[in-house]
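Fold and geometry: a report
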Amino acid sequence: MDLYTTIIELIDLRSFSNLWFWILLAILWSSASHWILGIPYDLVLRARRQGGQHEADLEDMVRINVTRLLYISRTTGLALLSFGCFLLSSLAVAGFYYRFEFAQAVFLLLFPMTLIALLSLSTARALEVEDLAREQLYKRLARHRIYVQLIGMMSIFVTSLWGMYQNFQLSPLN
């Protein structure tokens, strides 16, 4: 096997049969589940268990990240929404109408992440309006994480079903 063939196999655009796609999917959802509103979830657990400086750090990070998310949504929200809709609809058409597998794979990665972004924005707005006590803040962040994990499980399930379907369709046994 020569170097050219090895490189082509590593960057193969048949996404659902490529190990790198599945590694990327696992890393994406692991990171999305760990970083809640840009805050590492282990900090939430540490603040809840140990208190003190960890609680102050968590409250500062929540305040900073909520303010940052809301500032971005208020200043460039419409442009981001327009571009996101354009990108997702382009990927959906290219992937599912024209049967371009790479576009299908990117759509199946990005669409659930837009749901996570909207969920994060909703949680940030709720945190800005409500003046939560520490225990309520922990519960709100834990609930947000559970919603992210549920979306992730559904996304992984749908992506794996679609990937298996694609691999069976392209199998030489048909």
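Residues numbered from 1 in each chain as written. Predicted model: local features only at pLDDT ≥ 70, side-chain atom pairs only at ≥ 80, totals over all residues. Heavy atoms only, no water.

Next up on the list: the environment of glycine 38. When you line up the elements, glycine 38 lands in the loop between strand 1 (35-36) and strand 2 (39-40). Not counting residues within four places of it along the chain, the set of residues in contact with glycine 38 comprises Met61 and Asn65. (Helix = DSSP H or I, 4+ residues; strand = E, 2+ residues; numbered from the N terminus. Contact = heavy atoms within 4.5 Å.)

Right, let's talk about the layout of surface pockets for a bit. Counted as a void, the largest pocket has a volume near 880 Å³. Lining the largest pocket are 28 residues, with Met113, Thr114, Ile116, Ala117 and Leu118 positioned closest to its centre. Going through the elements one at a time, helix 2 (19-34), helix 4 (53-97) and helix 5 (101-129) are the ones with two or more residues in the lining of the largest pocket. The leading source of residues in the lining of the largest pocket is helix 4, at 12 residues. The residue inventory of the lining of the largest pocket, partitioned by class, reads 20 nonpolar, seven polar and one charged. In this structure, the second largest pocket spans a volume of roughly 180 Å³. Lining the second largest pocket are Glu59, Val62, Arg63, Val66, Leu127, Glu128, Glu130, Asp131, Leu132 and Leu137. When contributions to the lining of the second largest pocket are tallied by element, the ones reaching two or more residues are helix 4 and helix 5. For the lining of the second largest pocket, the element with the most residues is helix 4, which contributes four residues. Here the residues of the lining of the second largest pocket sort into five nonpolar, no polar and five charged. (1 Å grid on protein atoms, 1.4 Å probe; cavity = no way out; pocket = protein on both sides within 12 Å on 5 of 7 lines; lining within 4 Å. Points joined across faces, edges and corners; volume = space filled by probe spheres on them. Nonpolar A, V, L, I, M, F, W, Y, C, P; charged D, E, K, R; others polar.)

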